[in-house]
Amino acid sequence: MATITIEGVRHVANLARLEFNDAETEHFTEQLARILDYIGKLNELETDDVPPTSHIHPHQVFIMGSQEGAAHVAKADVVKPSYPREAVLANAPEPEEGYFGVPRVVDRSH
Amino acid sequence: MLCELTAHALHEKLKNREITAVALAESVYARIDEVESHVKGYLTLTKDLALEQADRADAGFQKGDEMPALAGIPIAIKDVICTKGVRTTCGSKILESFVPPYDATVMTKLYEQGVVMIGKTNMDEFAMGSSTENSAYQITHNPWNLDTIPGGSSGGSAAVVSADTAVCSLGSDTGGSIRQPAALCGVVGMKPTYGRVSRYGLVAFASSLDQIGPFTKDVTDCALLLNAICGSDAMDATSVDVPVPDWTQSLINDVQGLKIGVPKEYFTPALDPEIADSIQRATAVLEGLGATVEEISLPHTEYAIATYYIIAPAEASANLARYDGVRYGYRNENPENLINMYKKTRSEGFGEEVKRRIMLGTFALSAGYQDAYYKKAQKARTLIKSDFDAAFEKVDVIATPTSPTPAFKIGERTADPLQMYLSDVMTTPASHAGLPGISVPCGFVKSGLPVGLQLLGAPFAEEKVLRVAYTFEQNTEHHRRKPQIQTNGVVSS
């Protein structure tokens, strides 16, 4: 397994929408490299013929369908009341005219 | 003091009208006044709400109604579970002022029982940690020794039950976050099978691992809380629609004929010798009561931590993408543009451990590395799960230490994240396999700190786990010992 460089940390930080100063970048590079080195332990395992586990109850989808032959978890498409707009906007940092306000993304000069 | 008693003992007193729920709630708040400034287990106290709920429970008892087992019982809730109208921070600055517009399914179920919510408990930020030192707000102190950590991430929920500032509590367990703090604080803590309890309203950390569960003063209370919170839920597609038995029926004081496996891989040089002794004595007790105890092997145990620190951060990096400052939570006030707002908001709002795991997870899922890390870890997860599948062909329950060491000193492991991660070595394997697991008090090391015995069952075999835990408890006295909390040099027991 590859290790991680300062450039790599900068790239990943951008993907994760985080930003670090130079000292933090160096600090994280060092720590992540050490953690990844430990994780490299997984290379000892022969896994070519091993299927991955993403979920512990693969039969789940059948159980949830409940009726015989049902093979997926889709619920009936019924309209139900949602939360009132005010309740949803109550936690918004900058609500604006009933919407979530964000910094301008469209340049008005165009 | 009333707040020292178990929920089932209190229920009898409430039912017989020996006490009122209001007096019980007052007793808990009086205890909070006495020791909370030293323990620091709570982030928010909800006294007005609690007294209202207690009043309602009293009205029911006075009318002579048939009241649920948890009516009027004071409970604390980990601050990662959404409570309508009550601030829910996840121990993070980014959710400092977040007030959920809805209740988690477990809260709806508990309110139907008529519980009294005392407050919301401290935790590692977004449940990422093993000591509760990653909270953005405060450090919780272990009631058994205030210089030590209570474990984590549900350290607050464990400490308040141990300190009698709550009768019981809820926590969440992703890689051991209920079982490990229960062990370090000398209380009972259980993670049910993945899918037993709805995760609706549990703020997501690692969705394929997260599960809600109880902290209690004994195994009987654990069964009562499971009765209240288990069951499938249309709001959580990963909750499983299997019958939920009355768990109190599993409280059978008899282990004759049960096979208990002790995995040799858990007894490494990293295991504190005093804890190894304590576990050996505990399994000897069970053997003396008629269980068959045999050594088993779970050969992939040593890969569990490496696997966990890929899978959990990978899922976390996706789950935590929602904290962007747009719809709720903290937002940076002077962004240059939208992308810059996301970056500044997240960099200022998240603590260091959360950033470290987002970075680790984003890296493990990034182009060119996904197969080498994420997929490799998912395959290792299969191997770990297969070990357990094979073991449960031969034994009913697996017994191990819950934590390799007793509670460690505050600050001791914060400088070295990898060292902190290794605290979870005994609990993460069962998390990968989604197994039910309980930690029960099984002794004390010479310094006076408690030791936990972890009992694991096959998926949905909680009944056997509870039966062994109950039998052990009924035949030992460890769970009766209470911490002596040092308040300004004055011992407060």
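Refer to the structure printed above.
The structure presented is a predicted model; accordingly, all values stated were derived computationally and were not measured.

(A) Summary view of the overall build of chain A. Looking only at helices and strands, chain A has four helices and two strands in total. In sequence order, chain A lays out its α and β elements as α-α-α-α-β-β. When each of the 110 residues of chain A is scored for burial, the buried share is 15%. Within chain A, contacts between residues separated by at least 24 positions form 31% of all contacts whose residues are at least 6 apart in sequence.

(B) Local environment of the sheet that holds strand 7 (residues 259-263) of chain B. Residues and elements named next belong to chain B. Strand order across the open sheet formed by eleven strands is 1-3-2-4-6-5-10-11-9-7-8, with mixed pairing between neighbours. Lying at the two open borders of the sheet, with one neighbouring strand each, are strand 1 (42-45) and strand 8 (292-296). Between one strand axis and the next, the sheet turns through 30° on average, direction left out of account. As paired elements, strand 7 and strand 9 (residues 397-401) share two bridges and run parallel to each other. Along strand 9, the bridge assignment pairs I260 with V397. Against the sheet, helix 7 (residues 219-229) touches strand 4 (168-173), strand 5 (188-191), strand 6 (211-216) and strand 10 (437-444), its axis set at about 145° to strand 6.

(C) Expanded view of the pairing of strand 9 of chain B. Residue and element names in this part refer to chain B. Burial analysis of strand 9 places five of its five residues in the buried class, the great majority of the element. The pairing of strand 9 with strand 11 (residues 450-457) spans five bridges and is antiparallel. When the bridges of strand 11 are listed, I398 appears paired with L456.

(D) Looking closely at the interface of chain B and chain A. Counting residues at the interface gives 53 residues for chain B, matched by 46 residues for chain A. If you list the elements that add at least two residues to the side of chain B that touches chain A, you get helix 9 (304-319), helix 10 (338-349), helix 11 (352-365), helix 12 (371-394) and helix 13 (417-421) of chain B. In terms of residues, the side of chain B that touches chain A owes the most to one element, helix 12 of chain B, which gives eleven residues. Partitioned by chemical class, the residues of the side of chain B that touches chain A number 28 nonpolar, 13 polar and twelve charged.

The rules behind each value
- Per chain, residues are indexed from 1 in the order of the written sequence.
- Chains carry letters and ligands carry numbers; both start at the beginning, A for chains and 1 for ligands, and go up in the order they are written.
- The predicted nature of this model means local features are confined to residues of pLDDT at least 70 and side-chain atom pairs, given and counted, to a pLDDT of 80 or more, with totals for whole chains, interfaces and linings taken over all residues.
- Runs of E in the DSSP output that reach at least two residues are strands. Runs of H or I that reach at least four are helices, and both are numbered from the N terminus.
- Three exposure classes are used. Buried residues have 20 or more other C-beta atoms within 10 Å of their own C-beta, exposed residues have 12 or fewer, and partly exposed residues fall in between, all C-beta atoms being placed from the backbone.
- Residues are defined as contacting one another if the C-beta atoms placed from their backbone atoms lie within 7 Å.
- A pair of strands counts as paired when DSSP detects no fewer than two bridges linking them.
- All axes here are fitted lines through C-alpha atoms, helices being fitted over the stretch that makes contact, and every angle between N-to-C directions spans 0 to 180 degrees.
- All residues other than Ala, Val, Leu, Ile, Met, Phe, Trp, Tyr, Cys, Pro, Asp, Glu, Lys and Arg, Gly among them, are scored as polar; the first ten of these are nonpolar and the last four charged.

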